[in-house]
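# Coordinate analysis (summary)
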Amino acid sequence: MATQELIQLYADTYGTAPAHVEQLPGAGSNRRYYRLSDDDRTVIGCIGTSVEENRAFFRLAQLFAQRRLPVPAVYAMSADATCYLQEDLGNRSLFDFLSQGRQRGGAYSDEEVAMLKSVMTDLPRFQFEAAGEDVWQHCYPLREMDAQSIQFDLNYFKYNYLKLTGTEFNELMLEADFQLFKADLLQTSEQGFMYRDFQARNMMLTPQGLRYIDFQGGRRGPIYYDVASFLWQASAHYSEELRQTLTDTYLDALQPYLRIERATFMQHLRRFVLFRTLQVLGAYGLRGLWERKPHFIESIPPALANLQQSIEQGSCDRYPYLKEIALNLIASQLQSAPSVPISPSLSVTIWSFSYKHGIPDDASGNGGGYVFDCRSTNNPGRYAEYKQLTGLDRPVIDFLERDGEILTFLESVRRLADFHVRRYIDRGFTHLQFCFGCTGGQHRSVYSAQHLAEYLHRRFGIEVNLIHREQNIRQHFPKRTEA
């Protein structure tokens, strides 16, 4: 099984197996992270489904460390590049640190503003000190931002937001504006390492200061992209005054690498703010409107507000049909974007287990909840190629979802869980338990428990504690706190 490969990598690296293995909450990608520890050390292990992406992160981390950039150390990678070990930077991200400022609607404290200024000071270091042919050759999937990648992102907005919202538009007229917009974006000559996912969730607070993670999607590109990505993050609620302050901080830090007039910089930056806004609306459409994930649904109104600001600042003036579509979109959507309530108190515990070893006890003492028997569905464990895998591994997931029996089973479970969780929230109850059992506690029960845990956390924002008992894996999904 994949986790065993990670444990073996740890043992090969340090001479002993880890005493503890804890799965960490997912972050919206196909990578799975674990904290592996013993009496002497703690490290983070990653299992990634893309070998090329794993290699990109590992090699870029090595190169960045040689340049003394604040990134995690990487220790070892498996021979097949499916998993690797990296430095444990703790649990607190910049996103967590800024939570009170977000809850105050963007009224950030002096301490929070100082931390944001540190980020903008670090950004030019990554853009210019990380640049070089030795870096570009390891970037995946692209060496640089080009016309094709821009077109992909614009189409992402068109098909995953405009289409999903039912917005009427003329394909040819919109495409004509997209082509002009794309040409304008490619005109910029100020290039460096483009982090691409430069956001507060990818910045960790450590005793040594801020450290930066998840840069494996980086490539050569315009310096404006990451500034726009960070300062116009939809859920951050940065005021225009704060954005200007942080932009000035960035321009001051940029001086040793590149001198550019502020007016020229702002002209280019506004164009990339518009581009980034369209791009994230595409993501929010797919993850929110289609997949119904609450965090993305809640981010739609502030993203539309960013789009409206871009229009007011003249960023759309060269693209009249795109401007018309955007104005119609804002008028129809801004007041009607749905939201999902967040429970202040309910905690849910979800188990996977083997019936051979008995049903898990209810530690809360209330004896409530459900036990679901997954043995009625087709068992991957009967097939040799799946015997060493678990319900967390992609081949098993693909088998179960192609077969379809488990999906029909879970559709009924979700309806029941939805009703019960809502009633518990309404009544102010604090704990609810779901257990999924199968023959070995390895395939069907693991898949089902993982599925329900991620579903309930996405839908309600409640605290979820997930325990795969027979796999000795625990995962904590914290209560969502953003307003």
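Residues numbered from 1 in each chain as written. Predicted model: local features only at pLDDT ≥ 70, side-chain atom pairs only at ≥ 80, totals over all residues. Heavy atoms only, no water.

To continue, consider the overall build of the chain. Within the chain, the secondary structure is distributed over 16 helices and 14 strands. Here the C-alpha radius of gyration of the chain, 24 Å, is about what a compact globule of 483 residues would show, namely 23 Å. Referenced to the eigenvectors of the C-alpha coordinate spread, the extents of the chain come out at roughly 70 × 55 × 45 Å. The buried share among the 483 residues of the chain stands at 55%. For the chain, the proportion of contacts with a sequence separation of at least 24, taken over those separated by at least 6, is 72%. When the accessible surface of the chain is split by element, carbon and sulfur atoms take 48% of a total near 21100 Å². Of the side chains in the chain, 51 bear a positive and 57 a negative charge, and the two mean positions are spaced by 2 Å. (Helix = DSSP H or I, 4+ residues; strand = E, 2+ residues; numbered from the N terminus. Rg over C-alpha atoms; globule rule 2.2 N^0.38 Å. Buried < 20%, exposed > 50% of the residue type's maximum accessible area, 1.4 Å probe, protein only. Contact = heavy atoms within 4.5 Å. Areas by Shrake-Rupley, 256 points an atom, 1.4 Å probe, with all protein chains shown as cover. Lys, Arg positive; Asp, Glu negative; His and termini not counted. Charge placed at Lys NZ, Arg CZ, Asp CG, Glu CD.)

The tally for this structure, following the rule as stated, stands at 35 aromatic pairs. Considering the side-chain rings of Phe-230 and Tyr-238, the 6.2 Å spacing of their centres and the 40° angle between planes classify their relative orientation as tilted. The class for Tyr-238 is buried, based on a relative accessible area of 7%. Sitting over the ring of Phe-95, Arg-102 keeps its end group 3.6 Å from the ring centre. (Phe/Tyr/Trp six-rings, centres within 6.5 Å; stacked < 30°, edge-to-face > 60°. Lys NZ or Arg CZ within 6 Å of the ring centre and 35° of its normal.)

Turning our attention to the environment of Gln-442. By secondary structure assignment, the location of Gln-442 is in the loop between strand 12 (431–438) and helix 16 (444–460). The buried category is assigned to Gln-442, whose relative accessible area is 17%. Gln-442 sits 54 residues away from Gln-388 along the chain, and the two C-alpha atoms are 9.2 Å apart. Of note is the side chain of Gln-442, whose polar atom sits 3.4 Å from the side chain of His-443. (Polar contact = N/O pair within 3.5 Å; in protein donor to acceptor, adjacent residues only side chain to side chain.)

The end-to-end C-alpha separation of helix 13 (residues 320–333) is 20 Å, in line with the 20 Å expected for 14 residues at 1.5 Å each. All buried positions along helix 13 are accounted for by Tyr-321, Leu-322, Ile-325, Ala-326, Leu-329, Ile-330 and Gln-333. Close packing links the buried residues of helix 13 with helix 7 (147–162), helix 8 (171–186), helix 11 (262–290) and helix 12 (294–312). (Expected span 1.5 Å × (residues − 1).)

Below, the discussion takes up the nonpolar core. Counting 91 residues, the largest nonpolar core has Phe-64, Leu-94, Phe-230, Phe-265 and Leu-307 as the members making the most contacts within it. Counting residues per element, this core draws most heavily on helix 11, which supplies eleven residues. Ignoring any residue separated from it by four or fewer positions in sequence, one finds Phe-64 in contact with Leu-69, Val-71, Phe-126, Ala-130, Val-135, Phe-193 and Phe-215. Of all hydrophobic cores here, the second largest spans 33 residues; its members include Val-396, Tyr-424, Ala-453 and Leu-466. (Core = buried A, V, L, I, M, F, W, Y, C linked by side-chain atoms within 4.5 Å.)

This brings us to the confidence of the model for the chain. Mean pLDDT over the chain: 90, with 95% of residues reaching 70 or higher. When the criterion is pLDDT under 50, residues 337–343 qualifies, and its contacts beyond four places in sequence or with other chains add up to 20 contacts. (pLDDT = per-residue confidence, 0-100.)

Moving on: the sheet that holds strand 2 (residues 32–37). Strand order in the open sheet formed by five strands is 1-2-3-5-4, with antiparallel pairing between adjacent strands. Edge strands, defined here as strands with exactly one partner in the open sheet, are strand 1 (20–23) and strand 4 (74–77). The mean inter-strand angle of the sheet, taken between neighbouring strand axes irrespective of direction, is 25°. Sheet topology note: the strand 1/strand 2 ladder contains four bridges and is antiparallel. The residue of strand 2 that forms the bridge with His-20 is Ser-37. Helix 2 (residues 51–66) contacts strand 4 and strand 5 (83–87) of the sheet and is inclined by roughly 145° relative to strand 4. (Pairing = 2+ DSSP bridges. Axes fitted to C-alpha atoms, helices over the stretch in contact; angles between N-to-C directions.)

With that settled, consider empty space enclosed by the protein. Applying the stated rule across the entire model yields two cavities of 30 Å³ or more. Estimates place the volume of the largest cavity at around 80 Å³. What lines the largest cavity is Phe-95, Leu-98, Arg-102, Gln-199, Ala-200, Arg-201, Phe-230, Gln-233, Ser-235, Ala-236 and Tyr-238. Here the residues of the lining of the largest cavity are counted per class, giving six nonpolar, three polar and two charged. As for the second largest cavity, its lining consists of Ala-228, Ser-229, Trp-232, Gln-233, Ala-234, Val-273, Arg-276, Thr-277, Val-280 and Tyr-284. In terms of residues, the lining of the second largest cavity owes the most to one element, helix 11, which gives five residues. (1 Å grid on protein atoms, 1.4 Å probe; cavity = no way out; pocket = protein on both sides within 12 Å on 5 of 7 lines; lining within 4 Å. Points joined across faces, edges and corners; volume = space filled by probe spheres on them. Nonpolar A, V, L, I, M, F, W, Y, C, P; charged D, E, K, R; others polar.)

This next bit is on the packing of helix 15 (residues 405–427) against helix 16. It is at 10 Å that the axes of helix 15 and helix 16 come closest, and there the two elements cross at 40°. When the axis of helix 15 is compared with that of helix 16, the two are oblique. In the crossing of helix 15 with helix 16, the sense of the turn from one axis to the other is right-handed. The residues of helix 16 that touch helix 15, namely those facing Ile-406, Leu-407, Phe-409, Leu-410, Val-413, Arg-414, Ala-417, Asp-418, Val-421, Arg-422 and Ile-425, are Arg-444, Tyr-447, Ser-448, His-451, Leu-452, Tyr-455, Leu-456, Arg-459 and Phe-460. (Parallel < 35°, antiparallel > 145°, perpendicular 65-115°, else oblique. Left-handed = near helix turned anticlockwise from the far one by under 90°.)

Counting buried residues along strand 2, six of its six residues qualify, which places the element largely inside the surrounding structure. Pairing analysis gives six bridges linking strand 2 to strand 3 (residues 42–47), with the strands arranged antiparallel. Each bridged residue has a counterpart across the sheet, and for Leu-36 the counterpart in strand 3 is Val-43. Connecting strand 2 to the antiparallel partner strand 3 that follows it, the hairpin turn spans four residues.

Another aspect to go through is the environment of Val-74. As for its placement among the helices and strands, Val-74 is situated in strand 4. Given the relative accessible area of 17%, Val-74 is considered buried. When sequence neighbours within four positions are dropped, the list of residues in contact with Val-74 reads Phe-57, Phe-58, Ala-61, Gln-62, Leu-85 and Gln-86.

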